[in-house]
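What follows is each chain in one-letter form.
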Protein chains: 2
Amino acid sequence: MKSDLDNLMRSRNFNAILVFGNAENNPPMTYLTGGGHVTSATLVKKLDQDAVLFCGLMERDEAAKSGLKVRLYDEYPWQELLKEANGDNSLMAALRLRNILTDMGIQGRVGLYGHIELGGMFSTLGHLQKVMPSVELVGEARESSLFLYAMETKEDAEVAHIRNMGRITIEVVGLTAQYLTSRAVGADEVLLDEAGAPLKLGVVKGKINLWLAERNAVPSEGFIFSLGRDAGVPHSQGNPDDLMRLGQTIVFDIYPQEPGGGYFYDFTRTWSLGYATPQALKLYGQVHSCYDRLIENLFLNAPFKDSQVLTCEIFEADGHATPRTHKAPMQGYIHSIGHGVGVNIHERPWSGLTAAEDNLLKPGVVITIEPGLYYPEQGMGFRIEDTYWVNPNGKIELLAEYPYDFVLPMKNWKAS
Amino acid sequence: MKSDLDNLMRSRNFNAILVFGNAENNPPMTYLTGGGHVTSATLVKKLDQDAVLFCGLMERDEAAKSGLKVRLYDEYPWQELLKEANGDNSLMAALRLRNILTDMGIQGRVGLYGHIELGGMFSTLGHLQKVMPSVELVGEARESSLFLYAMETKEDAEVAHIRNMGRITIEVVGLTAQYLTSRAVGADEVLLDEAGAPLKLGVVKGKINLWLAERNAVPSEGFIFSLGRDAGVPHSQGNPDDLMRLGQTIVFDIYPQEPGGGYFYDFTRTWSLGYATPQALKLYGQVHSCYDRLIENLFLNAPFKDSQVLTCEIFEADGHATPRTHKAPMQGYIHSIGHGVGVNIHERPWSGLTAAEDNLLKPGVVITIEPGLYYPEQGMGFRIEDTYWVNPNGKIELLAEYPYDFVLPMKNWKAS
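Keep in mind that what you see is a predicted model, and the values were worked out from it rather than measured.

**Describing the environment of Glu140(A)**
Take Glu140(A): it is sitting in the loop between strand E7 (135-139) and helix H7 (146-152). Classification of Glu140(A) by relative accessible area gives buried; the value is 11%. If near-sequence neighbours (up to four positions away) are discounted, Glu140(A) is found in contact with Arg12(A), Phe14(A), Tyr113(A), Ser145(A), Leu146(A), Gly119(B) and Gly120(B). Of the polar contacts made by the side chain of Glu140(A), one reaches the side chain of Arg12(A); its length is 2.6 Å. At 3.0 Å, the side chain of Glu140(A) and the backbone nitrogen of Leu146(A) are in polar contact.

**What about the environment of Asp358(A)?**
Residues and elements named next belong to chain A. Looking at where Asp358 falls in the secondary structure, it is placed in the loop between strand E12 (347-350) and strand E13 (366-369). Residue class for Asp358 comes out partly exposed when judged on its relative accessible area of 30%. Separated by 237 residues in the primary sequence, Asp358 and Met121 have C-alpha atoms spaced 32 Å apart. The residues touching Asp358, leaving out its near neighbours within four places in the chain, are Tyr149, Glu152 and Arg348.

**With respect to the pattern of salt bridges**
Under the counting rule described, the total for this entry stands at 46 salt bridges over all chains. Put simply, Arg163(B) and Glu397(B) hold a salt bridge, and the shortest N to O gap is 2.9 Å. Of this pair, Arg163(B) sits in helix H8 (residues 156-181) while Glu397(B) is found in strand E17 (residues 396-398), placing the two residues 234 residues apart along the sequence. Under the relative-accessibility criterion, Glu397(B) is labelled buried at 18%. Taken together, the shared-partner salt bridges connect Arg167(A), Glu171(A), Glu214(A) and Arg215(A) into one network.

**A short note on the relation of the copies chain B and chain A**
Superposing chain B onto chain A requires a rotation of 180° together with a translation of 0.0 Å along the rotation axis, leaving an RMSD of 0.0 Å. With respect to symmetry, the two chain copies, as superposed, fit the operation of a two-fold axis. Considering only C-alpha atoms, the residue of chain B closest to the rotation axis is Ile116(B), which sits at 2.8 Å. Mapped onto chain A, 100% of the interface residues of chain B are again interface residues, and the two copies thus contact each other with one and the same surface.

Calculation criteria
- Residues numbered from 1 in each chain as written.
- Chains lettered and ligands numbered in written order.
- Predicted model: local features only at pLDDT ≥ 70, side-chain atom pairs only at ≥ 80, totals over all residues.
- Heavy atoms only, no water.
- Helix = DSSP H or I, 4+ residues; strand = E, 2+ residues; numbered from the N terminus.
- Buried < 20%, exposed > 50% of the residue type's maximum accessible area, 1.4 Å probe, protein only.
- Contact = heavy atoms within 4.5 Å.
- Polar contact = N/O pair within 3.5 Å; in protein donor to acceptor, adjacent residues only side chain to side chain.
- Salt bridge = Lys/Arg side-chain N within 4 Å of Asp/Glu carboxyl O.
- Least-squares fit on C-alpha atoms with pLDDT ≥ 70 in both.

Below you can see the structure in the form of structure tokens.
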């Protein structure tokens, strides 16, 4: 939680942290500011003190909405700094940063964060290290960074945001199922659109985008709606020209976000329209049964990777390759069982076999559980994913309920 | 243009460039890959050779859509690298990068690009400098970077993308005008929604979002739809709870982008519904007249800042503060006259008074022209903005036409 930041800074021996970039679509900055149209800002937080947000004059009002203390870059007139820097913009930015840190009495170890354009900042920080040797600049790997630890446990107000995105997600998934199952079916078991033409996957994706927009949810990292062989490659988003057909697996993995880089939800269902092949029914059954066993075996404060180990055991018993049996499996069960969800679609806690022991199902975490099986050469893939919250009472709570039906009966078609 | 990259690399004495991060929403990477769901990729381009895109196994199919040569990180098994790195993830990433660069025969000066999370990359690059001293890592300030020079001049196919976003923009602006002018007007000159309740700005913004989504355009950096005092602060996006009223200035600055971080369009109109105050009419007239004079004075291969100088002359003659008369004016004309537009909403050429001499209106550039006047204390602001292309024949072409009316007559209201 945000209230953990000072302790996390202390544990890293940081005297201050700096977050660079826009207030929006920049996880650590959005997390601390709540977003807003503030660009190229610098957030400075000294240990045990409130954060200060530096921004340009024109964005003072937007910055003030963050509730943080706002100061203007204009306190450090760039014209003079540029002269001191002999016209070098990167050095100028470094001199301004040096002045800000000096005025705030910051020296020693300083952590660096922010989703930004690398080149200029790399140059600026190189200059800063030279012009301000009293500061030691420290970059942390994202996966183990202070922010991912703070973000790992959510306040109830944050969970309300995620739950709301979950509500929107299942509405949109329901509309998609309703649209697909209401279609007429033409030659070669191809679904037909309203005008009677073969229905393309791209058209369905367009509708999903629209249903999200109507609900003010943003597919900021896209979504996966993929068929057959593509469904067998976990991150293929689907080919817009594919035709929608009966009896092929559809993996629908949707992870909408609040506008401006807010909270995500993460959800997957696998469908087969009208009927399913015996092989698909068998594999879906294995995934669904694995999912059920995983949910029964989520325990408060357990290491998240216990779920990964259990998944491997289950799928190996069914005869599939897993990350335990193969280094980089191309088919079978080929990813990890879940991840934290917040203002990052993937964040702590991690569940991979090599995840650190401190990735626990502790109160406050919001996680996905997403077993899947992938057989691209057989033209099929399967995944079930839901988002769960370990609430402050230690109960592990599903944040949005949706049925697990695999075969969706078509309203206007029957197997002959 | 992309074909300039090798010469731009030579002029900087770069033996290679590295672009880090996702294929989407990452201007230099999106520019070279065309987007797609490829995350945490590394693009390596050696001087005078084709670029190679490194990605994870699961994203090989999405990466292949770029048309670039694709290689997998899995060629460098992370398990062994992590052992060599004693479990340090940042060092592991540095060792992998060292191996990639070594295998490709890269040493000497290497430029660094990509919109990424700073911390981990800062750490990785620090390690890389130590484990591979034969490489000199160079960050460029974004404003003067090789990519902003390459992107500055557009191929015709790129302009087609921008023109298409322009077509969508004016459709959405037209729908907005039509919606507002069709409203009934209630007490205190407040517009009423379909149900007869006072119309809030947030509702109008919601409709604009929907109209954009229907057209597959993304307000990735939001848009400005701001009233009265907020219209007088150039980057205020507007307060959703404000009521829509007659006779107040509305600044509508909309800059939609293709999904996944593609091309932008940039456009502004200022409106006053039903009627305008005499002061607003006078100031809008000055902005409109300034805009017309600027367009008459756009000349092939002229420095872009000539337009800024002319704008200052015009507005100063009307008695307004400008960036020439005040260091950081709080009212009057308080920004620069335009900027390039592409996969960045703001890119070369620059038009500020201090812009370098090489920011020229040369064939291939796509620019905005956007004079404005801002008087927040008087509760008003004004801006007119269009996007122009200097085509290969040297003609300066408006990319989307839309009327310049300031007072929009209400269909169901007349001044009494």
